[in-house]
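Residue-level structural notes
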Amino acid sequence: MGDICYRVELADPGAHTFRVRLTVNSPAPSGQNLNLPAWIPGSYMIRDFAKNIVSIEAFSGSESVALKKLDKQTWRAGIIEGPLTVIYRVYAWDLSVRSAHFDTTHAYFNGTSLFLQVAGQEHACCKVELLEPNEAWSKGWKVATSFEYKGRRIDGFGEYLAKNYADLIDHPVEIGNWESVKFSVNEIPHKMVIYGRHKADYARLGSDLEKICSTHAELFGELPLQRYLFLVMAVGDGYGGLEHCSSTSLLCNRDDLPRIGEGSPSDGYTRFLGLCSHEYFHLWNVKRIRPEYFKERGLEAEVNTELLWVFEGFTSYYDDLTLVRSGCIGPESYLELLAQVITRVQRGAGRQKQSVAESSFDTWTKFYKQDENASNAIVSYYTKGALVALALDLLLRERTSDRCSLDQIMRALWTGFGKTEMGVPERSVEVLVQEISGLELHDFFRNAVYGTDELPIKETLQLVGVDMQWRVAKNAKDLGGHAKDWSEVKSRKDLGLRLINQGEAKVSHVFDGGAAQKAGIAAGDILLALDGLRVTPDNLDALLNRVPGDLDMELVLFRRDELMRFVVHPQSAPKDTCELRFSDTADNQQLARRGSWLRL
Ligand code: ZN
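Residues numbered from 1 in each chain as written. Predicted model: local features only at pLDDT ≥ 70, side-chain atom pairs only at ≥ 80, totals over all residues. Heavy atoms only, no water.

**Comments concerning the overall build of the protein**
Summing up its helical and strand segments, the protein has 17 helices and 32 strands in all. The globule rule puts the C-alpha radius of gyration for 600 residues at 25 Å, and the 26 Å found for the protein is close to it. Going through the 600 residues of the protein one by one, you find that 57% of them count as buried. Here the analysis covers contacts within the protein between residues at least 6 apart in sequence; of these, 69% occur between residues at least 24 apart. With the model as given, the accessible surface of the protein reaches about 25700 Å², and the carbon-plus-sulfur share is 47%. The distance from the centre of the 69 positive side-chain charges to the centre of the 81 negative ones in the protein is 2 Å. (Helix = DSSP H or I, 4+ residues; strand = E, 2+ residues; numbered from the N terminus. Rg over C-alpha atoms; globule rule 2.2 N^0.38 Å. Buried < 20%, exposed > 50% of the residue type's maximum accessible area, 1.4 Å probe, protein only. Contact = heavy atoms within 4.5 Å. Areas by Shrake-Rupley, 256 points an atom, 1.4 Å probe, with all protein chains shown as cover. Lys, Arg positive; Asp, Glu negative; His and termini not counted. Charge placed at Lys NZ, Arg CZ, Asp CG, Glu CD.)

Here you go:
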């Protein structure tokens, strides 16, 4: 039973260590290589999980077997006869959705942190045995995971099966005193499990998630699952999600979860539902419809694809769109979210330097390793990718007289690549879109995906009777949104920098072309005084605008420990904040198209 078996012991919560006993029944006789992935699918950064293996030893029967380290993540067990046993400890103290975390309150892990891959046997079936922890610190703990369960116990300790190594590392595990809500979509069991202190309205969560998941399933026409699990860690301050085939791991603020008696969703709850919607959409788009390169290549080094504008961008478009289509939020709330995405893209000068295809390709060293210059240098394939999807969706509707939309494209990607388990080749999505729609869209893709020209967002929103205006931001937190009537915001002076409040006014970003950059102000500077008055994290705007006119000002600051003086010439704040509203003058065709777009 099972040629490869992993026995997981919650060994020492104080030292945050799991102890794993790996048994390989048929190791390679000339020596067996074992390795841990360098990255986890869905999160495109080299994380070198093997660095957390704090001790490792190997045995054949009771005989010790020499282990030679070949590189940062690979060990080789010497020549052996019969089963090989490897015992190792893994340090787990990263409370994120990407790795592992273990203390006296819970244990959480991804297989990429715990399960050594047996080279040459990647396709073999594996068994996972979860040992019951010491009751002294784990009273009432139970297991939540989407693994196929072979045991009969209610608390979930015992044996699980994985079809192969890729399946083995695709089921995160949460063990602790979690609470849960169950619901069904197309008669397939779904569950949300929440760990961490919180007071959520579980009935509300179940009902909203059921609507969102059903809407996604309806779009693709099929729900290719046996079960699905949302694993949530609720913390004081955190946000993130990682997609898997039959589950997702989410990190959220506990205050974002809905309270009992909450009426229309708060901004935080809307954000949480958007995250759930995003990760669930991924069960098709990236987990089953996958870039060809992801299917072909392993997890030992970076895999570059230009296609993340499809896999993350389209997913980011459908995450919020599905909130309105499923009735979880109203159309005006959707415009609020959409306007904020448009503003985010507009505020980065990087959109004029990097295309979304380049952003996808370079995600490993740029998007995932952002520094103080990121907004000047790169564009997000999430936000701009979502706007590419929006513009494409609305253009397809208009140019095909509403016969075709992005929904059909997603279904075609599912039937052509997901269902058939064919990888999606680079540059094939635009070919598919043109085939299905019958339209010539070469110029659109050249500009929107491979170029840096502005997207035709204002023009395409007109096609569904939505008006858009640019205005000056009211304050540092203003991202724009829905407006019943256009906001009148007076022009004001601006330095073109962003501050972070660290008790003092520290410059975090200096924007291309702004007054601060022209004067020589740099990220990391601590602003002290403007024209002789003290700068605090909150008063820079007021100091800049206290006297009218177009004047030079003296800015005194610390760079490292050196006091410096600069002359700055404030500029007019840019009109980089988007407002959207439903047009009063939309015609019947625009209204009908809007109805079909938002499912009103
Ligand atoms: Zn995503």
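**Overview of the coordination of the zinc ion**
Taken together, the protein donors to the zinc ion comprise His278 (NE2), His282 (NE2) and Glu312 (OE), at separations of 2.0 to 2.1 Å. Exposure remark for His278: the relative accessible area of 8% places this residue in the buried category. For Glu312, a relative accessible area of 2% corresponds to the buried category. (Donors = N, O, S within 2.8 Å, 3.2 Å for Na, K, Ca; no water.)

**Some points on empty space enclosed by the protein**
Any empty space left between atoms is shown by rolling a water-sized probe over those atoms. Within this structure, the stated rule accounts for one cavity of 30 Å³ or more. Taken as a whole, the largest cavity spans an internal volume of roughly 30 Å³. What lines the largest cavity is Ile4, Tyr6, Gln117, Val118, Gln121, Glu122, Ala124, Cys126 and Tyr165. (1 Å grid on protein atoms, 1.4 Å probe; cavity = no way out; pocket = protein on both sides within 12 Å on 5 of 7 lines; lining within 4 Å. Points joined across faces, edges and corners; volume = space filled by probe spheres on them.)

**Observations regarding helix 11 (residues 406-418)**
Within the sequence span of helix 11, burial applies to Leu406, Asp407, Ile409, Met410, Ala412, Leu413, Trp414, Phe417 and Gly418. Those residues of helix 11 that are buried lie in contact with helix 3 (202-220), helix 4 (267-281), helix 6 (308-325), helix 10 (383-399) and helix 12 (429-437). If you check the start of helix 11, you find a side-chain oxygen 3.1 Å away from the backbone N of Asp407, and it comes from Ser405. (Polar contact = N/O pair within 3.5 Å; in protein donor to acceptor, adjacent residues only side chain to side chain.)

**Here we look at the layout of surface pockets**
Approximately 1400 Å³ is the volume found for the second largest pocket. Of all elements in the fold, only strand 15 (158-162), helix 2 (165-168), helix 5 (292-296) and helix 11 reach the threshold of two or more residues within the lining of the second largest pocket. Taken together, the residues of the lining of the second largest pocket sort by class into 19 nonpolar, eleven polar and 16 charged. (Nonpolar A, V, L, I, M, F, W, Y, C, P; charged D, E, K, R; others polar.)

**Examining the nonpolar core**
Core analysis: the biggest nonpolar cluster contains 168 residues, and Tyr6, Leu461 and Trp597 have the highest contact counts within it. Contacts of Leu461, omitting those with residues within four sequence positions, involve Leu338, Ile342, Leu390, Leu394, Val466, Met468, Leu580 and Trp597. Counting residues in each nonpolar core, the second largest holds 21 residues, with Leu495, Leu499, Leu527 and Val568 among its members. (Core = buried A, V, L, I, M, F, W, Y, C linked by side-chain atoms within 4.5 Å.)

**Some thoughts on unusual backbone geometry**
We note that Glu421 has phi near 55°; this positive angle belongs to a residue other than glycine. Summarising the element assignment, Glu421 is placed in the loop between helix 11 and helix 12. Overall, Glu421 belongs to the exposed group, its relative accessible area being 60%. Phi angles above zero are rare outside glycine, and Arg427 is one such case at about 65°. Taking the relative accessible area as the measure of exposure, Arg427 reaches 43% and is therefore partly exposed.

**Section: the environment of Asn35**
As for its position among the elements, Asn35 is in strand 3 (residues 32-35). Those residues within four positions of Asn35 in sequence are excluded, and the remaining contacts are Gln73, Thr74, Phe115, Leu116, Gln117 and Tyr165.

**Considerations on the sheet that holds strand 3**
Spatial ordering of the open sheet is given by 6-7-3-11, a layout of four strands whose pairing is antiparallel. Lying at the two open borders of the sheet, with one neighbouring strand each, are strand 6 (67-71) and strand 11 (117-118). In this sheet, strand 11 lies alongside strand 3 in antiparallel orientation, the contact comprising two bridges. Looking at the pairing, Asn35 lines up with Gln117 of strand 11. (Pairing = 2+ DSSP bridges.)

**Comments concerning the side chain of Asp319**
Mapping Asp319 onto the fold places it in helix 6. Comment: no salt bridge for buried Asp319; closest opposite-charge side chain is Arg344, at 10.0 Å. In contact with Asp319, other than residues within four places in its own chain, are Gly274, Ser277 and His278. (Salt bridge = Lys/Arg side-chain N within 4 Å of Asp/Glu carboxyl O.)

**Focus on the pairing of strand 27 (residues 526-530)**
Of all five residues in strand 27, four are buried; the element is thus mostly enclosed. Where strand 26 (residues 505-510) lies against strand 27, two bridges are found, and the strand directions are antiparallel. Bridge assignment links Ala505 to a residue of strand 27, and that residue is Leu527. Of the strand pairs in this sheet, strand 27 and strand 29 (residues 553-559) are connected by four bridges, and their pairing is antiparallel. Within strand 29, the position partnered with Leu527 by the bridge is Leu557. Direction of pairing for strand 27 relative to strand 28 (residues 533-534): antiparallel, over a ladder of two bridges. The partner of Ala529 across the bridge, within strand 28, is Arg534. Between strand 27 and strand 28, which pair antiparallel and follow one another directly, the connecting turn spans two residues, one of which, Asp531, has a positive phi of 45°.

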